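# Residue-level structure breakdown
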Amino acid sequence: MKIPKSHPRFVSLNIREKIVSGYNNGLVAKEGLLAHGRGEAFDYLIGERTMRSARTAINAAAVTLLTAKNSVISVNGNIAALCPKEIIQLAKITKSKIEVNLFYHNEDRKKKIVKHLKNAGAKQVLGTNPRSNRKIIGIDSPRRIIDKDGIFAADVLIPLEDGDRTQALKNAGKTIITFDLNPLSRTAQTADITIVDNVIRGMRLLISACKKAKTKKVSFNNRKALASAISEIKNNLKRRATLA
Ligand code: PTJ
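Reading the values: the criteria
Positions within a chain are numbered from 1, following the residues in the order the chain's sequence is written. Totals for whole chains, interfaces and linings use every residue, but because this is a predicted model, local features are given only for residues with pLDDT of at least 70 and side-chain atom pairs only at 80 or more, for both listing and counting. Working from all heavy atoms in the structure, the side-chain values ignore hydrogens and water. Strands here mean DSSP runs of E at least two residues long; helices mean DSSP runs of H or I at least four residues long; both are numbered from the N terminus. The quantity called the radius of gyration is restricted to C-alpha atoms. Its globule counterpart is 2.2 Å times the number of residues to the power 0.38. The buried label applies to any residue whose accessible area, calculated with a 1.4 Å probe on protein chains only, is under 20% of its type's maximum; exposed applies above 50%, and partly exposed to all values in between. Counted as positive: Lys and Arg. Counted as negative: Asp and Glu, with His and the chain ends omitted from the count. For the purpose of locating charges, the reference atoms are NZ of Lys, CZ of Arg, CG of Asp and CD of Glu. For two strands to count as paired, DSSP must find a minimum of two bridges between them. Every axis in this analysis is a line fitted to C-alpha atoms, fitted for helices over the stretch in contact. Angles between the N-to-C directions lie between 0 and 180 degrees. Throughout this document, a residue counts as near a molecule or strand when at least one of its heavy atoms sits within 4 Å of that molecule or strand. Pairs of N or O atoms within 3.5 Å make up the polar contacts considered here, provided that, within protein, one atom can donate a hydrogen while the other can accept it, and that residues adjacent in sequence are counted only when both atoms are side-chain atoms. Areas reported as accessible are Shrake-Rupley estimates using a 1.4 Å probe. Residue values count occlusion only from the protein chains shown. As used here, the term nonpolar core means buried Ala, Val, Leu, Ile, Met, Phe, Trp, Tyr and Cys residues forming a set that is joined through side-chain atoms within 4.5 Å. Any two residues whose heavy atoms approach within 4.5 Å at even a single point are treated as in contact. Throughout this description, the term salt bridge denotes a Lys or Arg side-chain nitrogen within 4 Å of a carboxyl oxygen of Asp or Glu. When an angle is under 35 degrees it counts as roughly parallel; over 145 it counts as roughly antiparallel; between 65 and 115 it counts as roughly perpendicular; any other value is oblique. Working rule for handedness: look at the near helix, and if it is turned counterclockwise from the far one by less than a right angle, call the crossing left-handed; if clockwise, right-handed. When residues are grouped by polarity, Ala, Val, Leu, Ile, Met, Phe, Trp, Tyr, Cys and Pro land in nonpolar, Asp, Glu, Lys and Arg in charged, and all others, Gly among them, in polar.

### A closer look at the overall build of the protein chain
Check the secondary structure of the protein chain and you find 10 helices and seven strands. Taking 18 Å as the expected radius of gyration for a compact globule of 244 residues, we find that the protein chain reaches 17 Å, a close match to that expectation. Once the C-alpha set of the protein chain is aligned to its principal axes, its extents read approximately 60 × 45 × 35 Å. Of all 244 residues assigned to the protein chain, the portion counted as buried reaches 50%. Both charge centroids of the protein chain, one from 45 positive and one from 20 negative side chains, sit 6 Å from each other.

As structure tokens, then:
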């Protein structure tokens, strides 16, 4: 559906259309539509803008990615549909690999995502060679299958995630940077750096932060950053409550 520019919810509805066309093109799982709806609700609560706490997390993520030895961007159906160009730009700037790794396992969808990323300019996309398969210990879903040259060997990972895998990947010694609009999710709470922002806005900001970042270690406390994110949401709601 073409959304008229004059519509007061033009930006949000356009993002929704990207997910719906991703579903129609076989990139997004049915469940991905629900996950997106959950994200929309949280985006509403944060005021559909990048919060100060997210900017701090983005700067820490940029330094962490630029100082990583072997960083990997783990791509699912939703992020492939929402920001293929940004995935490729981020991979280029940070010399990261790209791997497709799905929660709702489906070989056909995986192939479509790889093709979609290659059409958008990706040179190499890992995750489809059965001879490179390795397993993450401590996880039972098909998502445990990872590429030996990608997630298996990575020191820093940047996915739109599920909670179980974040803990298992942390147990395997990896640093996890994640985007999650829900600061209360298990992924958000378990990751090392959680960017509480819509990937659509956050990926662009992360790319420009990587262009500017000095490769100097930063101190970042995810618990504190999440507490600030929750405070910012609370203050936003309080402001709305007094204006209502
Ligand atoms: O393509 P697959 O098979 O790998 O499946 C992908 C989904 C997203 C369906 C799968 O990983 C899943 O079920 O995820 P969850 O457990 O629903 O978690 C998705 C999280 O992403 C939720 O906490 C949402 O709030 C958050 N989220 C949704 N849309 C966005 C988002 N965070 C940032 N930006 C968004 N646009």
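Here the narrative resumes, following the displayed structure.
### Things to note about the sheet that holds strand β5 (residues 156-159)
What the five strands build is an open sheet, ordered β2-β1-β5-β6-β7; its pairing is parallel. Among the strands making up the open sheet, the edge pair consists of β2 (97-100) and β7 (193-195). Taking each pair of neighbouring strands and ignoring which way they run, the sheet shows an average axis angle of 20°. In this structure, strand β1 (residues 71-75) lies alongside β2, joined through four bridges in parallel fashion. What sits directly across from Ser74, in β2, is Glu99.

### Description of the site of the ligand
Taken together, the neighbourhood of the ligand is formed by 19 residues, with Arg38, Phe103, Tyr104, Arg109 and Asp180 sitting nearest. Arg109 places a polar side-chain atom, nitrogen or oxygen, 2.6 Å from an oxygen atom of the ligand. Measuring from a nitrogen atom of the ligand, one finds a side-chain N or O atom of Asn198 at 2.9 Å. Protein burial of the ligand: of its 740 Å² of free accessible surface, 93% is covered by the chains. The element best represented in the shell around the ligand is helix α2 (residues 30-46), accounting for five residues.

### Quick word on the nonpolar core
For soluble globular proteins, the rule of thumb is that nonpolar side chains tend to be buried together. Val75, Leu90, Ile98, Leu117 and Leu206 are the most contacted members of the largest nonpolar core, which has 45 residues in total. Ignoring sequence-local partners within four residues, the contact set of Ile98 consists of Ile73, Val75, Ile87, Ile88, Ala91, Leu117, Ala122, Gln124, Val125 and Leu126. In terms of nonpolar packing, the next biggest core, distinct from the first, is built from 11 residues, Ile139, Ile146, Ala154 and Ala191 among them.

### Overview of the pattern of salt bridges
A complete count under the given rule lists nine salt bridges for this structure. Here Glu48 and Arg9 are joined by a salt bridge, their closest N and O atoms 2.5 Å apart. Within this pair, whereas Glu48 is found in the loop between α2 and α3 (52-66), its partner Arg9 is found in the segment before α1 (10-24), the two being separated by 39 residues in sequence. The salt bridge involving Lys148 is made with Asp149; its shortest N-O contact spans 3.3 Å.

### Quick look at the pairing of β1
The two faces of the sheet receive side chains in turn, since in a regular strand these alternate between them. Counting buried residues in β1 gives five out of five residues, a clear majority hidden from the surface. Side chains Ser71, Ile73 and Val75 project from β1 onto one buried face, and the interleaved Val72 and Ser74 project onto a second face that is buried too. Looking at chain direction, β1 and β5 are connected through four bridges and run parallel. Each bridged residue has a counterpart across the sheet, and for Val72 the counterpart in β5 is Leu157.

### Concerning the side chain of Thr194
Mapped onto the elements, Thr194 comes out in strand β7. Residue Thr194 is classed as buried on the basis of its relative accessible area, which comes to 3%. The residues touching Thr194, leaving out its near neighbours within four places in the chain, are Ala57, Thr178, Asp180, Thr187, Ala188, Asn222 and Leu226.

### Describing the packing of α1 against α2
One way to put it is that α1 packs onto α2 with a least axis distance of 9 Å and a crossing angle of 170°. The orientation of α1 with respect to α2, classified from their angle, is roughly antiparallel. Like other packed secondary-structure pairs, α1 and α2 cross with a definite hand, here right-handed. Here α1 contributes Ser12, Ile15, Arg16, Ile19, Val20 and Tyr23 to the contact with α2, which in turn contributes Lys30, Leu33, His36 and Glu40. Class assignment of the residues belonging to the contact of α1 with α2 gives a composition of five nonpolar, two polar and three charged.

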